[in-house]
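# Topology and contacts: notes
The chain contents come next:
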Amino acid sequence: MRSEVGPSLCRKQSLIEDARKEKEASALTASDPMAVTCEHPDEGNSTLNLIFTVGNTSASPFSSSLKILEKHGAIIYHIETRPAESGKKKGEELECFVKCFIHNSSICSLLSSLKKISGDVKVDKDQTPPSFPRKVQDLDICHHLIMKFEPNLDKDHPGFGDQEYKKRRAYFAELAFKYKDGNVIPRIDYTAEEIATWRQVFQTLRNLYPNYACKQYLDTFHQLEKYCGYTESSIPQLQEVSSFLKERTGFKLRPAAGLLSARDFLACLAFRVFPSTQYLRHPSAVMHSPEPDCCHELLGHIPMLADKEFAQFSQDIGLASLGASDEDIERLSTLYWFTIEFGLCKQNGSIKAYGAGLLSSYGELLYAMSNKPELKPFDPEVTAIQPYQDTAFQPVYFVSESFEDSKVKLREYALKMKRPFCLCYDPVTCSVEILDSFQKVRTALCQLKDELRSLCCALDKIC
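Throughout what follows, the structure given in this document is the object of discussion.

### Some words on the packing of helix 10 (residues 262–270) against helix 13 (residues 326–341)
- The geometry of helix 10 relative to helix 13 is characterised by a closest axis approach of 10 Å and an angle of 65° between their N-to-C directions. Here helix 13 runs roughly perpendicular to helix 10, going by the angle between their axes. As for the relative orientation of helix 10 and helix 13, their crossing is left-handed in sense. Residue-level contacts link A262, R263, F265, L266 and L269 of helix 10 to D326, I329, L332, S333 and Y336 of helix 13.

### Regarding the pattern of salt bridges
- On inspection of all chains with the given rule, the structure shows 23 salt bridges.
- Between D328 and R331 there is a salt bridge whose closest N-O contact spans 3.3 Å. Taken together, the residues D328 and R331, both in helix 13 and three residues apart, mark about one turn of the helix.
- Assessed through its relative accessible area of 10%, D328 is described here as buried.

### Quick look at the nonpolar core
- In this structure, Y209, Y217, Y230, L298, L299 and I302 are the most contacted members of the largest nonpolar core, which totals 82 residues.
- Contact partners of I302, with chain neighbours within four places excluded, come to L224, Y230, V241, L245, L253 and E297.
- Counting 19 residues, the second-largest nonpolar core is a separate cluster that includes L50, L69, V98 and I102.

### Things to note about the side chain of S321
- Structurally, S321 can be placed in helix 12 (residues 308–321).
- For S321, the side chain forms a polar contact with the main-chain oxygen of G318, separated by 2.6 Å.
- Here S321 is in contact with R263, L266, A267, I329 and L332, once residues within four sequence places are set aside.

### A short note on helix 9 (residues 238–249)
- In a regular helix each residue adds 1.5 Å, so twelve residues correspond to 16 Å; helix 9 covers 16 Å between its end C-alpha atoms and thus fits that length.
- By the burial criterion, the buried members of helix 9 are L238, V241, S242, F244, L245 and T249. Around the axis of helix 9, the buried residues are gathered within 160° of arc, so they sit on the same side.
- Taken together, the buried residues of helix 9 touch helix 8 (215–227), strand 5 (252–255), strand 6 (273–276), helix 11 (294–305) and helix 12.

Reading the values: rules and limits
Residues numbered from 1 in each chain as written. Predicted model: local features only at pLDDT ≥ 70, side-chain atom pairs only at ≥ 80, totals over all residues. Heavy atoms only, no water. Axes fitted to C-alpha atoms, helices over the stretch in contact; angles between N-to-C directions. Helix = DSSP H or I, 4+ residues; strand = E, 2+ residues; numbered from the N terminus. Parallel < 35°, antiparallel > 145°, perpendicular 65-115°, else oblique. Left-handed = near helix turned anticlockwise from the far one by under 90°. Contact = heavy atoms within 4.5 Å. Salt bridge = Lys/Arg side-chain N within 4 Å of Asp/Glu carboxyl O. Buried < 20%, exposed > 50% of the residue type's maximum accessible area, 1.4 Å probe, protein only. Core = buried A, V, L, I, M, F, W, Y, C linked by side-chain atoms within 4.5 Å. Polar contact = N/O pair within 3.5 Å; in protein donor to acceptor, adjacent residues only side chain to side chain. Expected span 1.5 Å × (residues − 1). Arc of directions from axis to C-beta.

This is how it looks when you write it as structure tokens:
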């Protein structure tokens, strides 16, 4: 989800691509029935959807198939049959669909027995929502990295042959993996070389902000200069920046070892936590970051996260991701890409940038503000399926009327997602509650009524 400065330089693969890879990995597993069903053979029961073919004759083995299901303790919910419409024996076979409930320990033997008398056996478990963190402390295990562009692994990485840089990166990674929620973020003594890299990036971008950054960004950036050590000669410390954000929007930072998986990254946003790297890009590629680094985080993301409306928009994307399907994670990642990373907005009759990928990349920032790309109004239904460009500048950018407008549209989009539950975020305990009972809904409504009562009282006093 980080950016670069020019189309000739390869940008790191985006959050969208990460989500796509995760979905493809799941699909590879699901394509093998034995892999799907035998991974945890002794853990409870499953609902299976079975599709298979049998001979459509008087000696049909269909009854034998039912006996196999009965023998393995399967409880049948639903059966359908129809003439097979494909295959060499079209019209001579029946295609059967069976929905059944069975203990996981019996699935493998059931499939083996069924394949002996039936053809083209396909099986799938009913999809259940992926597990997700319920409280902010659970984020301590949400640090799965996408290892696709690392100095130790990729020969195209600028630091691949730099042993000192590799050691430095390993040091930052260890700090991130050891971090637990509630700990003080380790203070970093940055080297002269790292500060020189920061200085060059800071000076170049700071001169562009007055003309191209949105008002919210500029207002916060001046505050960061005043209170958090945002100067060309010093790299801000994450703990100080985190405290600054916490006071203004409730967001806080936690160290990240690199690029997190799409699901883990979005889950962090749900709890108003932003994973931030502490290392810097290699000095041989100062104006190009093919992976996340603290220049991108501190200059691109942090100023916007201090704005209340933008912070809520970011959290809403995160909350929508909890328990979402792989397909929805990919769409939410695309929404993230075209808003929080590369979003534009209208202000006082002009187009301004609020996306971190733009505000930390002078090349794409200037390009986005030119007449070269196509600008479209932000519409989640359209944005979520827009093809993205990962090796060059975006041919299309989406323009928000306002953050409030985008927030409303995003919430309407999230309501259409097919999750079998609704969530409620508790800012006091930093946890999410699944609203799966009347009592829980009633409690949430009571809290909402109390808040509305206070607001009505305030309006009465103002009027």
